[in-house]
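# Fold and geometry: a report
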Amino acid sequence: MNRTTVVSIIMRVVLGIIFVFHAVDKFQMGLGNVEAWFTSLGIPGFVAYVVVVIELVGGIMLILGLFTRYVSALFVIVLIGAIMTAKLSVGLLGNGQMAGYELDLGFILISLYLIVADRTPLSVDHLVMGKRSR
């Protein structure tokens, strides 16, 4: 395995772990509270549940390397939504009360890379695609 492949695996797994933790955090806050916060931002409350599912299931799928490109594309959409609705007004680095969107930009870049990167050997995608090509 070359260095690029190792870095790709690390980026995929770590991004997956981060999203799983974000989902768990929302569960700990209480989904009703998350829904209320989304509503206060002018976002329909049901979107909170959609985001939590994308973060949790998508994060697990990234860790496993399953449908990496599709999950990464969903993460780009969720992150752009977060920037546009909640974080743009507080600026790149935040306002002292709320984080800015600098990390979201970094996560978008990682997700974009994962959309175009080759499948890595330590992934379900590689395992499934390897069997199809035989």
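Residues numbered from 1 in each chain as written. Predicted model: local features only at pLDDT ≥ 70, side-chain atom pairs only at ≥ 80, totals over all residues. Heavy atoms only, no water.

### Some words on the pattern of salt bridges
A complete count under the given rule lists two salt bridges for this structure. Put simply, Lys26 and Glu55 hold a salt bridge, and the shortest N to O gap is 3.1 Å. With a gap of 29 residues between them, Lys26 in helix α1 (residues 3–29) and Glu55 in helix α3 (residues 46–64) connect regions that are remote in the sequence. Both residues of the pair, Lys26 and Glu55, count as buried. Across the pair Lys87 and Asp104 runs a salt bridge whose closest N-O atoms are separated by 3.0 Å. With Lys87 in helix α4 (residues 68–87) and Asp104 in helix α5 (residues 102–116), this pair connects stretches of sequence that are 17 residues apart. Judged by relative accessible area, Lys87 falls into the buried class, the value being 18%. A relative accessible area of 6% means that Asp104 is categorised as buried. (Salt bridge = Lys/Arg side-chain N within 4 Å of Asp/Glu carboxyl O. Helix = DSSP H or I, 4+ residues; strand = E, 2+ residues; numbered from the N terminus. Buried < 20%, exposed > 50% of the residue type's maximum accessible area, 1.4 Å probe, protein only.)

### Here we look at α1
Between its terminal C-alpha atoms α1 stretches 39 Å, which fits the 39 Å expected from 27 residues at 1.5 Å a residue. When we look at burial in α1, the residues that qualify are Thr5, Ser8, Ile9, Arg12, Leu15, Gly16, Phe19, Val20, Ala23 and Lys26. On its buried face, α1 is in contact with α2 (31–40), α3, α4 and α5. Its side-chain oxygen placed 3.1 Å from the backbone nitrogen of Thr4, Asn2 serves as the N-cap of α1. Just beyond α1, the residue with positive phi is Gly30, at close to 100°. (Expected span 1.5 Å × (residues − 1). Contact = heavy atoms within 4.5 Å. Polar contact = N/O pair within 3.5 Å; in protein donor to acceptor, adjacent residues only side chain to side chain.)

### With respect to the packing of aromatic side chains
What the rule picks out here adds up to four aromatic pairs. With a centroid separation of 3.7 Å and 10° between ring planes, the pair formed by Phe19 and Phe75 is classed as stacked. Taken as a pair, Phe19 in helix α1 and Phe75 in helix α4 lie far apart in primary sequence, 56 residues in all. Each member of the pair, Phe19 as well as Phe75, carries the same accessibility label: buried. Ring geometry for Phe19 against Phe107: centres 6.3 Å apart, planes inclined by 55°, an arrangement best described as tilted. Of the two residues, Phe19 sits in helix α1 while Phe107 sits in helix α5, which places them 88 residues apart along the sequence. Taking relative accessible area as the criterion, Phe19 reaches 4% and is therefore assigned buried. Three or more aromatic residues joined by ring pairs form one cluster here, namely Phe19, Phe75 and Phe107. (Phe/Tyr/Trp six-rings, centres within 6.5 Å; stacked < 30°, edge-to-face > 60°.)

### Details of unusual backbone geometry
One non-glycine residue, Phe67, lies in the positive phi region at around 55°. Considering the arrangement of structural elements, one finds Phe67 in the loop between α3 and α4. For Phe67, a relative accessible area of 44% gives the class partly exposed.

### Focus: the side chain of Arg12
In this fold, Arg12 is placed in helix α1. For the buried Arg12, no salt bridge exists, and the shortest N-O distance to an oppositely charged side chain is 6.7 Å, to Asp125. Within polar-contact distance, the side chain of Arg12 engages the side chain of Thr120 at 3.4 Å. Look past the residues within four positions of Arg12 in its chain and what remains in contact with it is Leu62, Ile63, Leu64, Gly65, Thr68, Leu114, Thr120, Leu122 and Ser123. (Lys, Arg positive; Asp, Glu negative; His and termini not counted.)

In short, the description is geometric, and any link to function would need to be established separately.
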